[in-house]
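# Examining the three-dimensional arrangement
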Amino acid sequence: MSILKKIMTAVRGGAREMGELVVDANGTRIFEQEIKDAQAHLQKAKHDLTDVMAKQMQASRQVKTLQGEIAEHEAYVTQALDKGDENLALEIAEKISQLEVDLAEQQQVHDTFANHVTRLKVLVKKTERQIKDYERQLSMVKTTESVQKASAAITDNFSSSNSKILSAKDSLDRIKKRQQDNFDRLAAAEELESENSDKSLSDKMKAAGIGEETTNASSVLDRIKAKRS
Amino acid sequence: MNTRDLALRISDFSSFEGYQFDCQPIPGDTEVLQITLTDYEELPAFVSVTDTQILCITYLFTQDEVRSGSKAEMMEEMLELNIPMPLSSFAKLGDRYVIFGALAINSSIEDICHEIITLTENAVESIDALEEFLI
């Protein structure tokens, strides 16, 4: 059964202690052991692979050498025939047939190694995928475990500190109210600021004799005089 | 990185993206860090570190707070909101609905701070959005 399915079954079953059902320490240990085994397996496969690849390279070099020798001796046969020495040509040809037997053997060795390399490469890839898969499953198990323990710790902390968990609506109201308060404070500060700047402007205007003039005795007298006449 | 490293490194930031952090370790089997942002004290983010990831969880509400009969509709709504909501997803832990974000274990401290801020903002937004389903 897949790990996710196990976790789901445990949750449906209303398991309070899901840890015990799904992620018992034993289960986790088995998983970790399987990963370790797979890693050892992979290590060995990689080691074997490098060995076999080295042997394949050797065989391949051998094949090339033999091919070179055969070509060389074929040239000698031609030279012997050119000189009319039929016997020598035959002798060289015999040597070539010997070399060809060696070549066929070496070629077979090389092919065997090549097959082996291919098989080991597939095995390495498969093992690597297997390990990744185990690790993914282990991480799911461990995360479930960790979240359970974390939420237990959080709940304990709430109850021990006697702090009642607010309902979501109350929390939201308080946060919104605080945001509104902050906003109001900011607005008030801005208003104050602008009032101050208004006042300083009017002070400056007054000093410069611009805008509304303050009444003084002489202006009052002037006004009354004007009414009389 | 464990939760203690994380707490120290977050405390080094006096503020990040305009927020201040308050870090408090919670004792228990697994170490959990409670991280609150100023002005969002009611919705703390709980951060725990596993072998492979850093998990940040914020509790939204309990199932008792869901208006009776509207659970299915609310869950549909949550599924619809999951993708548009940046970096966080809805989930359930026991009898609590939560939102959470998971980060790779080698995330930078800036990424983690950004995640926590986004998570908290998403928590406020999602309670606001789901308010009609709540008592």
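Treat the numbers as computed from the prediction; the structure is a model and nothing was measured.

Hydrogen bonds between backbone groups are what pair the strands of a sheet, and the pairing can be parallel or antiparallel. Residues and elements named next belong to chain B. Judged by pairing direction, the sheet is antiparallel, and its six strands sit side by side in the order 1-2-3-4-6-5 without closing on themselves. Of all the strands in the sheet, just strand 1 (21-26) and strand 5 (89-93) have a single pairing partner and so form its edges. Averaged over all pairs of adjacent strands, the angle between their axes in this sheet comes to 30°, without regard to strand direction. Relative to strand 6 (residues 96-104), strand 5 is paired through five bridges, and the arrangement is antiparallel. What sits directly across from phenylalanine 90, in strand 6, is isoleucine 99.

Our focus in this paragraph is a negative patch on the surface. Residue and element names in this part refer to chain B. Taken together, Glu73, Glu76, Glu77, Glu80 and Glu132 make up a surface patch of like negative charges. Within the secondary structure, glutamate 80 sits in helix 2 (residues 71-82). The exposed category is assigned to glutamate 80, whose relative accessible area is 57%.

Moving on, we get to the state of the cysteines. Residues and elements named next belong to chain B. Enumeration over the complete set of coordinates arrives at zero disulfides over all chains. Cysteine 113 takes part in no disulfide bond, and the closest cysteine sulfur, belonging to cysteine 23, lies 8.0 Å away. In this structure cysteine 113 comes out as buried when scored by relative accessible area, which is 0%.

Take the side chain of Ser126(B) next. Residue and element names in this part refer to chain B. Following the sequence through the fold, serine 126 ends up in helix 3 (residues 109-130). At a separation of 2.7 Å, a polar atom in the side chain of serine 126 contacts the main-chain carbonyl oxygen of asparagine 122. Ignoring sequence-local partners within four residues, the contact set of serine 126 consists of Leu60, Phe90 and Ile99.

So, about a nonpolar patch on the surface. Residue and element names in this part refer to chain A. Where nonpolar side chains cluster on the molecular surface, the patch consists of Leu201, Met205 and Ile210 and spans about 270 Å² of accessible area. Note on placement: leucine 201 falls in helix 5 (residues 168-207). The class of leucine 201 is partly exposed, set by a relative accessible area of 47%.

Our next topic: the pairing of strand 2 (residues 32-37) of chain B. Residue and element names in this part refer to chain B. For strand 2, the buried fraction is high: six of the six residues fall into the buried class. The alternating pattern of strand 2 places Val32, Gln34 and Thr36 on one face and Leu33, Ile35 and Leu37 on the opposite face, and all of these are buried. Between strand 1 and strand 2, which follow one another and run antiparallel, lie five residues, and glycine 28 among them has a positive phi close to 155°. Both strand 2 and strand 3 (residues 45-49) contribute to a ladder of four bridges, which runs antiparallel. In the strand pairing of strand 3, isoleucine 35 is matched with alanine 45.

Looking now at the packing of helix 5 of chain A against helix 3 of chain B. Two numbers describe how helix 5 of chain A lies on helix 3 of chain B: the axes approach to 10 Å, and their chain directions differ by 115°. Remark: the crossing between helix 5 of chain A and helix 3 of chain B carries left-handed chirality. Contacts from Ala168(A), Leu172(A), Ile175(A) and Lys176(A) in helix 5 of chain A reach Val124(B), Ile127(B) and Asp128(B) in helix 3 of chain B. Among the residues forming the contact of helix 5 of chain A with helix 3 of chain B, the class breakdown is five nonpolar, no polar and two charged.

To continue, consider the interface of chain A and chain B. Facing 26 residues of chain A, the contacting portion of chain B comprises 33 residues. Across the interface of chain A and chain B, roughly 2500 Å² is buried in total on both sides, 61% from carbon and sulfur atoms. Applying the counting rule to chain A against chain B returns four salt bridges. Ionic pairing is found between Glu42(B) and Arg174(A), a salt bridge with its closest N-O pair at 3.0 Å. Elements represented by at least two residues in the side of chain A that touches chain B include exactly helix 4 (86-160) and helix 5 of chain A. For the side of chain A that touches chain B, the per-class residue count stands at ten nonpolar, nine polar and seven charged.

Conventions used here
- Residues numbered from 1 in each chain as written.
- Chains lettered and ligands numbered in written order.
- Predicted model: local features only at pLDDT ≥ 70, side-chain atom pairs only at ≥ 80, totals over all residues.
- Heavy atoms only, no water.
- Pairing = 2+ DSSP bridges.
- Helix = DSSP H or I, 4+ residues; strand = E, 2+ residues; numbered from the N terminus.
- Axes fitted to C-alpha atoms, helices over the stretch in contact; angles between N-to-C directions.
- Patch = residues over 30% accessible without salt bridge, like charges linked within 9 Å, V, L, I, M, F, W, Y side chains within 5 Å.
- Areas by Shrake-Rupley, 256 points an atom, 1.4 Å probe, with all protein chains shown as cover.
- Salt bridge = Lys/Arg side-chain N within 4 Å of Asp/Glu carboxyl O.
- Lys, Arg positive; Asp, Glu negative; His and termini not counted.
- Charge placed at Lys NZ, Arg CZ, Asp CG, Glu CD.
- Buried < 20%, exposed > 50% of the residue type's maximum accessible area, 1.4 Å probe, protein only.
- Disulfide = S-S within 2.5 Å.
- Polar contact = N/O pair within 3.5 Å; in protein donor to acceptor, adjacent residues only side chain to side chain.
- Contact = heavy atoms within 4.5 Å.
- Left-handed = near helix turned anticlockwise from the far one by under 90°.
- Nonpolar A, V, L, I, M, F, W, Y, C, P; charged D, E, K, R; others polar.
- Buried area = accessible area lost by both parts, 1.4 Å probe.

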